[in-house]
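Here's the letter readout for the chains.
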Amino acid sequence: DLIREGVDCVLRFGGVGDIPHVARRLAHLPQVTCASVDYLQRFGTPQTLADLGHHRAVDYVSTPGAKPAPLEFVVEGTIERRNLPATLSINSGEAYVAACEAGFGIIQVPRYHVARQLSEGSLREILTACRPPELPLNALYPPNRQLSARVRAFVDWIEDLFSGAPG
């Protein structure tokens, strides 16, 4: 509750759903499906979504006890979801990527979050023919509150930062 907590603005990845706040879309972030080289050597590289039946994922959960989101893929303009057996569940972005690098399973993340690992070759993008949908990034403000110049400058800066992000 932004108002009760006295928060001026939050950044939220993903959909905003039916919330009582003002949302400003800042960016659509390209995502990738990836796995470590070690994982792919042990389990093979899936070429199709049907191949995922023999693979495992690292689940990301936003809060303890939350249900993990399935992997999502865009196939001919439609989103297809796949729930894979999970090796472990993580609630930290850094730990999520580290678990993937350690060979625990397949993950989906915004490309910027694993750009270094992809360029260095410790992670490989897989299933490039059916990439995940882009991830929306939104700024949320309490309704009926005038934005301060500082908050407006911060949100504009974030929007500019992501508008120049490599896809």
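Keep in mind that this is a model prediction, so the values were computed, not measured.

A. Layout of the state of the cysteines. Going through the model one piece at a time under the given rule, you end up with zero disulfides. Counting only cysteine sulfurs, Cys 100 is the nearest neighbor of Cys 34, a cysteine outside any disulfide, at a range of 4.6 Å. Lacking any disulfide linkage, Cys 130 is separated from the closest cysteine sulfur, that of Cys 34, by 14 Å.

B. Structural detail: the sheet that holds strand β8 (residues 107-110). In space, the three strands of this open sheet follow the order β8-β3-β9, with antiparallel pairing throughout. Of all strands in the sheet, those bounded by a partner on one side alone are β8 and β9 (123-125). Between one strand axis and the next, the sheet turns through 45 degrees on average, direction left out of account. Judged from the three bridges that link them, strand β3 (residues 31-36) and β9 form a sheet pairing that is antiparallel. The partner of Ser 36 across the bridge, within β9, is Leu 123.

C. Just a nonpolar patch on the surface, in detail. Taken together, the side chains of Leu 11, Phe 154, Trp 157 and Leu 161 present a nonpolar region at the surface, about 390 Å² in accessible area. Per-element tally for the nonpolar patch: the top contributor is helix α5 (residues 149-163), with three residues. Structurally, Phe 154 can be placed in helix α5. Look at Phe 154 and you get partly exposed, because its relative accessible area is 35%.

Procedures and definitions
- Residues numbered from 1 in each chain as written.
- Predicted model: local features only at pLDDT ≥ 70, side-chain atom pairs only at ≥ 80, totals over all residues.
- Heavy atoms only, no water.
- Disulfide = S-S within 2.5 Å.
- Pairing = 2+ DSSP bridges.
- Helix = DSSP H or I, 4+ residues; strand = E, 2+ residues; numbered from the N terminus.
- Axes fitted to C-alpha atoms, helices over the stretch in contact; angles between N-to-C directions.
- Patch = residues over 30% accessible without salt bridge, like charges linked within 9 Å, V, L, I, M, F, W, Y side chains within 5 Å.
- Areas by Shrake-Rupley, 256 points an atom, 1.4 Å probe, with all protein chains shown as cover.
- Salt bridge = Lys/Arg side-chain N within 4 Å of Asp/Glu carboxyl O.
- Buried < 20%, exposed > 50% of the residue type's maximum accessible area, 1.4 Å probe, protein only.

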